[in-house]
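Here's the letter readout for the chains.
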Amino acid sequence: LTESLETWNASAPGWERERDFIWAGSRAVGERMVAALDPQPGETVLELAAGLGDTGFIAAQRLGPAGRLISSDFAPAMVEAARRRGGELGIENAEHRVLDAQALDLPDGSVDGVLCRWGYMLMPDPAQALAETRRVLRDGGRLAFAVWADARRNPWVSTFGRVYVELGHMERPVPGEPGQFALADPGLLRGLVEEAGFRDVQLEEVPLEFRFGSLERWWAVVLGLGQRLATATAALSPAERERAEAAVEAAAAPFAPAYAPPGLSLVVSARA
Ligand SMILES: C[S@@+](CC[C@H](N)C(=O)[O-])C[C@H]1O[C@@H](n2cnc3c(N)ncnc32)[C@H](O)[C@@H]1O
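The following refers to the structure shown. (Residues numbered from 1 in each chain as written. Predicted model: local features only at pLDDT ≥ 70, side-chain atom pairs only at ≥ 80, totals over all residues. Heavy atoms only, no water.)

### A look at the side chain of Ser-269
Filter applied, for reference: Numbered from the N terminus, helices here are DSSP runs of H or I no shorter than four residues, and strands are runs of E no shorter than two. Residue exposure (1.4 Å probe, protein chains only): buried if accessible area is under 20% of the type maximum, exposed if over 50%, otherwise partly exposed. Only heavy atoms enter the contact rule, under which two residues are in contact if any of them lie within 4.5 Å.
Mapped onto the elements, Ser-269 comes out in strand β7 (residues 262–271). Residue Ser-269 is classed as buried on the basis of its relative accessible area, which comes to 15%. The contact partners of Ser-269, leaving out residues within four places of it in the chain, are Ala-36, Leu-143, Ala-144, Asp-200, Val-201 and Gln-202.

### Brief notes about the pattern of salt bridges
Stated formally: Counted as salt bridges are all cases of a side-chain nitrogen of Lys or Arg within 4 Å of a carboxyl oxygen of Asp or Glu.
A complete count under the given rule lists 23 salt bridges for this structure. Among the salt bridges present, the one from Asp-20 reaches Arg-85, with a minimum N-O distance of 3.4 Å. Here the residue Asp-20 occupies a position in helix α2 (residues 19–37), and Arg-85 occupies one in helix α4 (residues 76–89), the gap between them amounting to 65 residues. According to the relative accessible area criterion, Asp-20 is exposed, its value standing at 52%. Note on Arg-85: relative accessible area 5%, which makes it buried. Linking Glu-204 and Arg-32 is a salt bridge whose minimum nitrogen-to-oxygen distance equals 2.8 Å. Placement of the pair is Glu-204 in strand β6 (residues 199–209) and Arg-32 in helix α2, with a sequence separation of 172 residues. Within the structure, one salt-bridge network assembled from shared partners comprises Glu-16, Arg-19, Asp-20, Asp-54, Arg-84, Arg-85 and Glu-88.

What follows is the structure, encoded as C-alpha cells:
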C-alpha cells in the first residue's frame, strides 16, 4: 500500500496537467455513474479514490447547498489537486479528505451514496474496500463505480503495455494481483459486490474514446498517468529504447492518423 501511495502521489502532477483532456475522454463514464447513483438534494455522497474529483463534482451540483460531497483519495497530492479543481469549478458543498478506501475513517451508515471511478481494482483487497463501502452506507444507500473491462477492449492503454511485456521490459500482470484490469471479469465482479452485502447489482458497458491526434501525444499522456510504463522506459538503454519506440509505432499504426483508440469501462451500480 505504501508503494502504491508513493506512486499515486508521484502521478498527481501528470493527472493535473492532463485534467481537461482526461475529462473530455472520460466524462461519459462519470456521468453514467452519477445517473445510476441518482443523488438527491440534501444527501451526503462520498467519492473514493477520487483523483481530481470530477465525477463527484457532477454529483455535488445535484446535492445542492444542503447536501454534501466528501471527495477523498489516499494520496494527499491527489486530494490537493481535487481541492484546486473544485475551487476552479466553484463547487461549494464539497469537503476534501485523505481517506484509504480499505479503512475508512467514517462512522457506520453515515453516507447516502458512494462513487468510485477506477479505484477498486487497484486496491490490494477490493473485497475489504467494498465491505468498508457497505459499512459507511446507510441501509438502502447506493453505490456506483467503474472498473476497466478486459485489456483487449482498452487499446488506448494496453497497446503499450503489451509491447513492453513482449520485449521483456515489463512483467505480465499476475491474475488476482491489483491492476488496471484486475476486476474485468463481469461474473467475478458481480460476486464480489454481492458478497460485500449489496443487492440489485447492475452492470453496464460504457465505451469511451481518447482523441490523442498523434502518437507522440498518446505516448506522453499514457506515460504521465501511471508510473509503471514511465519507470520501465527510464530504465531502457538507448538501443533498447530505439527498439521499443519502433515496436510501439508498429503497434499503434492501426490507429493512425487520428490516434483515437477506444476504451471500455464497466459501470456497476448496487443498493446497500
Ligand atoms: C486511476 S486513478 C482514478 C482517479 C479518478 N477516480 C478518475 O476517475 O479520474 C486511481 C486513484 O485511486 C487512488 N487510490 C488507489 N488506491 C487507493 C486506496 N486504497 N484508497 C483510496 N484511494 C486510492 C489513487 O491515488 C488514484 O487517485
